[in-house]
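Residue strings, one per chain:
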Amino acid sequence: MKKEELPQDKSHLKNFTREVCYVKNSEGKYVTDLSTGWEVKSAALNNQWDEIERRIKKAKEKIINGKASPILYFFELKLMDLPVLSGYTGFSKWRIKRHMKPNVFKNLNDKTLQVYAEVFEISLNDLKNFNL
Amino acid sequence: MKEFKHIQTAHCENGVTVKLLKEQGLDWINEPLAFGMGSGLFYIHIPFLKVNGGPAISFRSMPGSIFRRTCKVLNIKINRKKFRSKDNARNYLNEKLNQGITVGCQVGVFHLKYFPKEYRFHFNAHNLIVYGKEGNNYLISDPVMENTTALSVDELEKVRFAKGALAPKGHIYYPEKTEKITNEKIRKGIIKGIKHNVRDMLYIPARFTGVNGINHTASKIRKWREKHGVRNAGLFLGQIVRMQEEIGTGGGGFRFLYAAFLEQAAERLNNDKIIRISEEFTKSGDLWRDSALQMAGIYKGRITSQKDFNDAADIMNEIASVERKALNDLNKLKLH
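Everything numeric here is computed off the predicted structure, so don't read it as measured data. (Residues numbered from 1 in each chain as written. Chains lettered and ligands numbered in written order. Predicted model: local features only at pLDDT ≥ 70, side-chain atom pairs only at ≥ 80, totals over all residues. Heavy atoms only, no water.)

(A) Looking closely at the interface of chain B and chain A. Counting from both sides, the interface comprises 52 residues of chain B and, opposite them, 38 residues of chain A. Summed over both sides, the interface of chain B with chain A buries roughly 4100 Å², with 58% coming from carbon and sulfur. Where chain B packs against chain A, one counts seven salt bridges. With a closest N to O distance of 3.0 Å, E51 of chain A and R231 of chain B form a salt bridge. Our enumeration of links across chain B and chain A arrives at 20 residue pairs in polar contact (both at pLDDT 80 or more). Of all the secondary-structure elements, those providing two or more residues to the side of chain B that touches chain A are α2 (31–37), α7 (210–245), α8 (255–269) and α9 (272–299) of chain B. (Contact = heavy atoms within 4.5 Å. Buried area = accessible area lost by both parts, 1.4 Å probe. Salt bridge = Lys/Arg side-chain N within 4 Å of Asp/Glu carboxyl O. Polar contact = N/O pair within 3.5 Å; in protein donor to acceptor, adjacent residues only side chain to side chain. Helix = DSSP H or I, 4+ residues; strand = E, 2+ residues; numbered from the N terminus.)

(B) Local environment of the domain arrangement of chain B. Residues and elements named next belong to chain B. Under the domain assignment, chain B is made up of domain 1 (12–175) and domain 2 (183–332). The gap between the C-alpha centroids of domain 1 and domain 2 is 24 Å. Every contact between the two is made by 32 residues of domain 1 and, on the other side, 41 residues of domain 2. Overall, the association of domain 1 and domain 2 removes approximately 3200 Å² of surface from exposure, summing both partners, and the carbon and sulfur fraction of that is 70%. If you sort the residues of domain 1 by the area they bury against domain 2, L41, Y43 and F59 come out on top, with a joint share of 24%. Applying the counting rule to domain 1 against domain 2 returns one salt bridge. For the salt bridge of R69 with D200, the shortest nitrogen-to-oxygen distance reads 3.6 Å. Linking domain 1 to domain 2 there are eleven residue pairs in polar contact (both at pLDDT 80 or more). When contributions to the side of domain 1 that touches domain 2 are tallied by element, the ones reaching two or more residues are α2, β1 (41–51), β2 (54–60) and α3 (65–73). When residues of the side of domain 1 that touches domain 2 are assigned to their parent elements, the largest contribution, seven residues, is made by β1. For the side of domain 1 that touches domain 2, a count of residues per class yields 19 nonpolar, ten polar and three charged. (Domains from an automatic or database assignment. Nonpolar A, V, L, I, M, F, W, Y, C, P; charged D, E, K, R; others polar.)

Structure, rendered in structure tokens:
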């Protein structure tokens, strides 16, 4: 890639940083240059976020329909996967899956729920009285 | 405290490696050299592992390996430690800073407050430098940022003990004091790095790594539209492009960075043939950019036919053959 071809597109890096890229100068030698972003990858990142929004919405619907507990919602909201939530809570992945069931969730004690609330950075009340 | 000079690089681990080695008096080191001697170039389509239901692909070697290998080829001893206890991790860090030692830390980016929110996923193999402490704040030099920054004691602790895949567990590291590195040793290091990279890219007997891996992904892409539908297949392609181009690769899936390394290698080894091979990696990097453009056409919904998926796969096949030839040429050089 030549120095003058380095994209300087708008991206989410704006106001945070610019990234170092390796480009060729007019003498054909490699130099570094700073880029504000490339539209091609911004589009990929934006698609990823649309997908995350879609999953959060789907989690909400599942809770309304009594198919899942609020834990699923915050799990999606915080972009987690099971190893991540298991790591932060100390609960096994198998237990977490159970806790995502509404029937199991409503019988959970405050101590367990408090662990989740802290990991999700919300109050115990927010988790218990999940308000859509 | 002596003045700290921040260095910005494309990739975090290269940056930490460069800065920590410069602190040990290796004033000649720079990002391409660290990347090449640490044999960072790679490709792997990790089997059985899915990221958001899509492919798990990496364009570089295992996290931590660039620092480890660069130090190894230069015979520099590494100090590294992981911790169960947060208190011990904090005390150890403070102790090193009090001794005037600059250290590298592995962290997760989800809670890294100076990153844009859109980039903060649960990715745990980020690296930064801690170079001091002022009151309740640690002074941070993050190689992908333009400037130094700071994190409070709690904020740093949170990212050092991020959870999930590749959890850092407080991982802290720094190179030992070293004698002066001779030019001969640098040359040897460059050659070892090249040989290691040729081996990794050409001779691992698996269909999902190195040059074979690129063809492996290409053949999967041909089937994605049928198997997963245009929307999901598009998301998967977006994932490839992000691994390939997102902040940290220097563009073109580290291929430009490797070409820059070979350019320096040619000079240091006084071997013009390497310049030609560097050109091949530039070509490969340019093709990776073309491939990203083609894939973007698909995930932006502009071109979505099976032919468009095939075209993307064709570019990847071409990349594989360009890289195979370049690596074979490197192999034939009989460097010593």
